Each structure stands twice: as C-alpha cells, then as structure tokens.
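Now for the letters of each chain:
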Amino acid sequence: MHRDMKACIFDLDGVIVRTDHCHFVAWKKIADQLNILFTEKSNQSLRGVSRQNSLEMILSMGNMTLGAEEKEECLAKKNSYYLAQIDTLNTSDILPGALDLLRDLKTHGIKLGIASSSKNAHHILHKIGLFDQFDEVVSGNDIANAKPNEEIFVKMAEKINVPPSCCMVFEDAVSGIEAAQNAGMMAIGVGKSDHLVGCNIQVPDLCELNFEILAEYLDTYQYD
Ligand code: B16
Ligand code: MG
C-alpha cells in the first residue's frame, strides 16, 4: 500500500539536543546524597524514562525505598539541579544533522512535531532557538502515561490531524520506539546504541537523511 509521509515527530533529548550529561550531573547529585552508586553507564538506562520513573530506577539500584514526601523532595531538587545545568544550552547543543533535516522537511510541507517525556521541553526548545520550527509540542506535562505508552504520539497525531500511518517517529530510547509502534507509527532509531531493539530502521544520527529517503522508507514499511 502506498503511504504518503505527512508528519515527522521527533523525540527531543538525544535526538534534537544533547542533554544526557545535564541529566547525569543532576541525578548524580541526588544519588550521592542518597549514597547510591550512580555512573554515566547507569544514566544511559534512564534515557527516555520519565523523571518519576527515573527516580524509582535509581532507588532500586541502591535497594532503597523512600516515602512519598521524600520522593517529591528528590524530584524537585533534581529538577532544580537540571535547570541550572541546561541554563547554558545554546544552538551548539543541537545534534548533528537536525537543522538541515528540519529545513528540508519543512520545504516539502511536512508537519513537524516534538513528542518529549520532558516537562522542560518548551524551555529547552526556546534555549536552543528551535521552538518556532515545530508545528506542535507534546511534552511530559501533557500526558498521564509515560512512554512506552502510546499516549504522547496519539495526542500528537490528533493535534496535527495526521493519521498515524502517515507519521514517522525519531527516537533514541527503546521506550519511545515501543510507544511509537504502539501508536501505529514507523519508528526510526537514532543513535549508535545496540539496545534500540525493535526500531524499523536505525541511523547513527540525523545526518544523511532527507525528505526523499524518509518518504521511501515509509512507503516500503510493512505494517502488521
Ligand atoms: P524532565 P525525551 C526525556 O526526554 C529524557 O530522555 C529523560 O532522560 C528524562 O528523564 C525525561 O525526558 C524527563 O525529563 O525531568 O525534564 O521532565 O528523550 O523524551 O525528549
Ligand atoms: Mg530521548
């Protein structure tokens, strides 16, 4: 069946902008305060995971439990450390290939969306000067169920009024790839990780991609 590509939906952290290290520094401070060993490698397992679920994962790394109030305190502190970290974000933190690809897609009339688990997505987009490039942003503030639940992508498809089969998703985390596929969308895994199981196509970054290549991918994609 022939499918027209009408929209491209991008994850933010790890696909459009580099924020991994900022999350790491902030979570490391929390883990140190809790006496939990936390490394750059542990941080990678939090990619695409919501703030709340990330805290749960860190607590389980340390075999620790906290009461609801203490958890809220940790989450608030983590976010304040994170906001201090991302204060220096600028256009140089935009990941390779992103700007050219966005421009090319726009020229071809493709709708552009951001679907990010981050509650700081709007702020980050303003910091890197890309907020106005997207038709819609759905962030962690707009959803009740985190990725791998499909809610974030379903909401985006509704907002931009494009059927899921005409949307293509770009994700750097397994939870996001699952969420996209649960929403009936084709998922491009972005990054060199060998953990991006399940994505339909994997690319190391957004360089070398353009409208023609992506439209061809979607056209030949076999839906279940
Ligand atoms: P915040 P994405 C995700 O963003 C990050 O990958 C993940 O590391 C982070 O914990 C999550 O956002 C929540 O972020 O604490 O700012 O609300 O990859 O879905 O764009
Ligand atoms: Mg991500």
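Model, not experiment: these values are computed from the prediction. (Residues numbered from 1 in each chain as written. Chains lettered and ligands numbered in written order. Predicted model: local features only at pLDDT ≥ 70, side-chain atom pairs only at ≥ 80, totals over all residues. Heavy atoms only, no water.)

Caption draft 1: Fine view of the overall build of the protein chain. Counting its secondary structure elements, the protein chain contains nine helices and six strands. For 224 residues, the compact-globule formula gives about 17 Å, and the C-alpha radius of gyration of the protein chain, at 17 Å, lands near that figure. With the C-alpha coordinates aligned to their principal axes, the bounding extent of the protein chain is approximately 55 × 35 × 30 Å. Put simply, the protein chain has 224 residues, and 47% of those count as buried. The contacts in the protein chain between residues at least 6 apart in sequence include a share of 62% that link residues at least 24 apart. Total accessible area on the protein chain is roughly 10,800 Å²; 49% of this is exposed by carbon and sulfur atoms. Across the protein chain, 20 positive and 32 negative side-chain charges occur, with their mean positions spaced 4 Å apart. (Helix = DSSP H or I, 4+ residues; strand = E, 2+ residues; numbered from the N terminus. Rg over C-alpha atoms; globule rule 2.2 N^0.38 Å. Buried < 20%, exposed > 50% of the residue type's maximum accessible area, 1.4 Å probe, protein only. Contact = heavy atoms within 4.5 Å. Areas by Shrake-Rupley, 256 points an atom, 1.4 Å probe, with all protein chains shown as cover. Lys, Arg positive; Asp, Glu negative; His and termini not counted. Charge placed at Lys NZ, Arg CZ, Asp CG, Glu CD.)

Caption draft 2: Seen up close, the sheet that holds strand β4 (residues 167-171). On the basis of which strands lie adjacent, the open sheet formed by six strands has the order β3-β2-β1-β4-β5-β6 and parallel pairing. Of all the strands in the sheet, the pair left with one neighbour each is β3 (136-138) and β6 (201-203). Here the strands of the sheet are splayed against their neighbours by 25 degrees on average, with no regard to which way each runs. Pairing geometry for β4 and strand β5 (residues 186-190), over four bridges, is parallel. Looking at β5, one finds that Phe-170 is bridged to Ile-188. The sheet contacts of helix α5 (residues 98-107) involve β1 (7-10), β2 (111-115) and β4, and relative to β1 the element is tilted by about 155 degrees. In the packing of helix α7 (residues 151-160) onto the sheet, contacts are made with β1, β2, β3 and β4, and the angle to β3 comes to roughly 155 degrees. (Pairing = 2+ DSSP bridges. Axes fitted to C-alpha atoms, helices over the stretch in contact; angles between N-to-C directions.)

Caption draft 3: Summary view of the site of ligand 1. Looking at ligand 1, there are 17 residues lining it, with Val-49, Ser-116, Ser-118, Lys-119 and Asn-120 nearest. The side chain of Ser-116 places a nitrogen or oxygen atom 2.7 Å from an oxygen atom of ligand 1. When ligand 1 sits alone it has 470 Å² of accessible area, and the protein chains cover 97% of it. The site holding ligand 1 turns out to be the largest pocket. Of all elements in the fold, only α3 (51-61) and α4 (68-86) reach the threshold of two or more residues within the shell around ligand 1. (Near = heavy atom within 4 Å. Polar contact = N/O pair within 3.5 Å; in protein donor to acceptor, adjacent residues only side chain to side chain. 1 Å grid on protein atoms, 1.4 Å probe; cavity = no way out; pocket = protein on both sides within 12 Å on 5 of 7 lines; lining within 4 Å. Sits in = over half its atoms within 2 Å of the grid points.)

Caption draft 4: Focus on the packing of helix α1 (residues 20-33) against α4. Orientation of α1 relative to α4, taken along the N-to-C sense of each, is 145 degrees, at an axis distance of 8 Å. Every pair of crossing elements has a handedness; the one defined by α1 and α4 is right-handed. Taking contact as the criterion, the partners of Cys-22, His-23, Val-25, Ala-26, Trp-27, Lys-29, Ile-30 and Gln-33 in α1 are, on α4, Cys-74, Leu-75, Lys-77, Lys-78, Tyr-81, Tyr-82, Gln-85 and Ile-86. Its residues assigned to classes, the contact of α1 with α4 shows ten nonpolar, three polar and three charged. (Left-handed = near helix turned anticlockwise from the far one by under 90°. Nonpolar A, V, L, I, M, F, W, Y, C, P; charged D, E, K, R; others polar.)

Caption draft 5: Focus on the domain arrangement of the protein chain. Parsing the protein chain into structural domains produces domain 1 (7-18 + 91-219) and domain 2 (20-86). With twelve residues of domain 1 at the contact, the number on the domain 2 side is eleven residues. Taken together, domain 1 and domain 2 are joined by one salt bridge. Where Arg-47 meets Asp-172, a salt bridge forms, and the shortest distance between an N and an O atom there is 3.6 Å. Top contributing element to the side of domain 1 that touches domain 2 by residue count: helix α6 (residues 121-127), with three residues. (Domains from an automatic or database assignment. Salt bridge = Lys/Arg side-chain N within 4 Å of Asp/Glu carboxyl O.)

Caption draft 6: Seen up close, the packing of aromatic side chains. In this structure the tally under the stated criterion is three aromatic pairs. On the numbers, 6.4 Å between centres and 70 degrees between planes, the contact of Phe-10 with Phe-134 is edge-to-face. Placement of the pair is Phe-10 in strand β1 and Phe-134 in the loop between α6 and β3, with a sequence separation of 124 residues. For Phe-134, a relative accessible area of 7% translates into the label buried. Taking the ring centre of Tyr-81 as reference, the NZ or CZ of Lys-29 above it sits at 4.8 Å. (Phe/Tyr/Trp six-rings, centres within 6.5 Å; stacked < 30°, edge-to-face > 60°. Lys NZ or Arg CZ within 6 Å of the ring centre and 35° of its normal.)

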